[in-house]
Amino acid sequence: LGHVNYCAVYDLTRSGNATSMPITLSTEPPICDTCILGKQTKSSIPKVCAGVRATRRLGIVHVDLMEHPDVVLAAGNKYILDIIDDFLSYTWSIPLSAKSDAFPALQAWEKAR
């Protein structure tokens, strides 16, 4: 998940608290590409929405079917059907065991609304 700041390592070495780590204080620390990328600033996302927005609840619904090949839930579910209401930005996530279960699950979700 990362590494400690090099100044902290040097301080530990100088104070004598890092006795089991071989550290050379005369060399320059290596450049960490991940740290450089993490410190770069990002431009903000504009708050203006492009396209048509829903004017009522469940007016426009976005559906996404995702497969997680490395993760299988305890119930044996390998797929997740995400349904997003465009008006409220409310999200429903429905776990599925097979890809073929997506359309019946979507129909059952629609009937429940």
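Structure first, text after, so check above.
Predicted, not measured: the structure shown is a model, and the values here were computed from it. (Residues numbered from 1 in each chain as written. Predicted model: local features only at pLDDT ≥ 70, side-chain atom pairs only at ≥ 80, totals over all residues. Heavy atoms only, no water.)

## Notes on a nonpolar patch on the surface
Working step 1: Taken together, the side chains of Phe-87, Leu-88 and Tyr-90 make up a nonpolar region of the molecular surface, amounting to roughly 310 Å² of accessible area.
Working step 2: Residue position: Leu-88 is located in the loop between strand E2 (79-85) and strand E3 (91-96).
Working step 3: Here Leu-88 falls in the partly exposed class, since its relative accessible area comes to 47%. (Patch = residues over 30% accessible without salt bridge, like charges linked within 9 Å, V, L, I, M, F, W, Y side chains within 5 Å. Areas by Shrake-Rupley, 256 points an atom, 1.4 Å probe, with all protein chains shown as cover. Salt bridge = Lys/Arg side-chain N within 4 Å of Asp/Glu carboxyl O. Helix = DSSP H or I, 4+ residues; strand = E, 2+ residues; numbered from the N terminus. Buried < 20%, exposed > 50% of the residue type's maximum accessible area, 1.4 Å probe, protein only.)

## Some thoughts on the packing of aromatic side chains
Working step 1: Tallied over the full model, the rule gives two aromatic pairs.
Working step 2: Between Tyr-90 and Trp-92, the aromatic rings sit 4.7 Å apart at their centres with planes inclined by 70 degrees, giving edge-to-face as the arrangement.
Working step 3: On the accessibility criterion, Tyr-90 (47% relative accessible area) is partly exposed.
Working step 4: What makes Trp-92 buried here is its relative accessible area of 16%.
Working step 5: Seen from their ring centres, Trp-92 and Trp-109 are 5.1 Å apart, and the 70 degrees between their planes marks the pair as edge-to-face. You can see Trp-92 sitting in strand E3 and its partner Trp-109 sitting in helix H3 (residues 102-112), a full 17 residues away along the chain. For the pair Trp-92 and Trp-109, a shared accessibility class is recorded, and that class is buried.
Working step 6: Within the aromatic cluster, the residues linked to one another by ring pairs are Tyr-90, Trp-92 and Trp-109. (Phe/Tyr/Trp six-rings, centres within 6.5 Å; stacked < 30°, edge-to-face > 60°.)

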